[in-house]
Amino acid sequence: MSELTITLLRLGYLLLLWLFVLAAISVLRRDLYGTRVVQRRMRAKAAEPAPAKRPEPRAPAPVPAAAEPVVARRLVVTSGPLRGTTVPLTAGAAVMIGRAPSCTLVLDDDYSSQRHARLYEHAGQWFVEDLGSTNGTFVGRERITEPTAVGPGSQLRVGQSTLELQR
């Protein structure tokens, strides 16, 4: 082999070695510091688009309304890493909960899925739906398997976080 070929092979090997080292540092950094939480402001008229992979869930039967229904106006994180965070609830706008940066409420929690749960309004009532998460979504102490009606005072547990609907 010529000396030029050997030099090029050495430089190529050195480049691959450095790429490996930088990739290892990137993985270690992500493990130490977690995913970046992106701060967003919700727009009142902007609705969350329906997921492309899942068909729209069958709408649950409406809950019989009392004389004057009490409507939840905000979702508050009561325990967990984001304790104190408040998300306003707007009719027609779904709230996606999970670790993915595209979610409305981004949880920095190893026990929540990328797209863990969805909170949406239907016929004046709020419903929570588990999106096939590994660890499940709980309303009170019960794990939900289908869209479930929730109202003010309802406790939702997603991963290590507890969320509450408030007026």
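Cut-offs used in this document
Residues numbered from 1 in each chain as written. Predicted model: local features only at pLDDT ≥ 70, side-chain atom pairs only at ≥ 80, totals over all residues. Heavy atoms only, no water. Helix = DSSP H or I, 4+ residues; strand = E, 2+ residues; numbered from the N terminus. Buried < 20%, exposed > 50% of the residue type's maximum accessible area, 1.4 Å probe, protein only. Contact = heavy atoms within 4.5 Å. Areas by Shrake-Rupley, 256 points an atom, 1.4 Å probe, with all protein chains shown as cover. Core = buried A, V, L, I, M, F, W, Y, C linked by side-chain atoms within 4.5 Å. Pairing = 2+ DSSP bridges.

Colleague: Lay out the overall build of the chain with the relevant residues and their values.
Modeller: Scanning the chain from N- to C-terminus turns up one helix and 11 strands. Split into buried and exposed, the 167 residues of the chain put 29% on the buried side. The contacts of the chain with a sequence gap of at least 6 include a subset with a gap of at least 24, amounting to 47%. On the chain, roughly 11,500 Å² of surface is accessible, and the fraction owed to carbon and sulfur atoms is 56%.

Colleague: Break down the nonpolar core for me, citing the residues and quoting the values.
Modeller: Side chains of nonpolar character tend, in soluble globular proteins, to be buried together. Counting 19 residues, the largest nonpolar core has Leu-75, Leu-119 and Leu-165 as the members making the most contacts within it. The set of elements that each furnish at least two residues to this core consists of strand 1 (74-79), strand 3 (95-98), strand 6 (125-130), strand 10 (155-158) and strand 11 (161-166). If you look at the next biggest cluster of nonpolar residues, it comprises five residues, including Met-96, Ala-100, Cys-103 and Leu-131.

Colleague: Any details on the sheet that holds strand 11? Residues and values, ideally.
Modeller: Overall, antiparallel pairing links the six strands, which are arranged 2-1-11-10-7-8 in an open sheet. Looking at which strands have only one partner, the edges of the open sheet turn out to be strand 2 (86-88) and strand 8 (142-143). Examined bridge by bridge, strand 7 (residues 137-139) and strand 8 share two bridges and lie antiparallel to one another. Across the sheet, Phe-138 pairs through a bridge with Arg-143, a residue of strand 8.

Distances and angles like these do not, on their own, reveal function.
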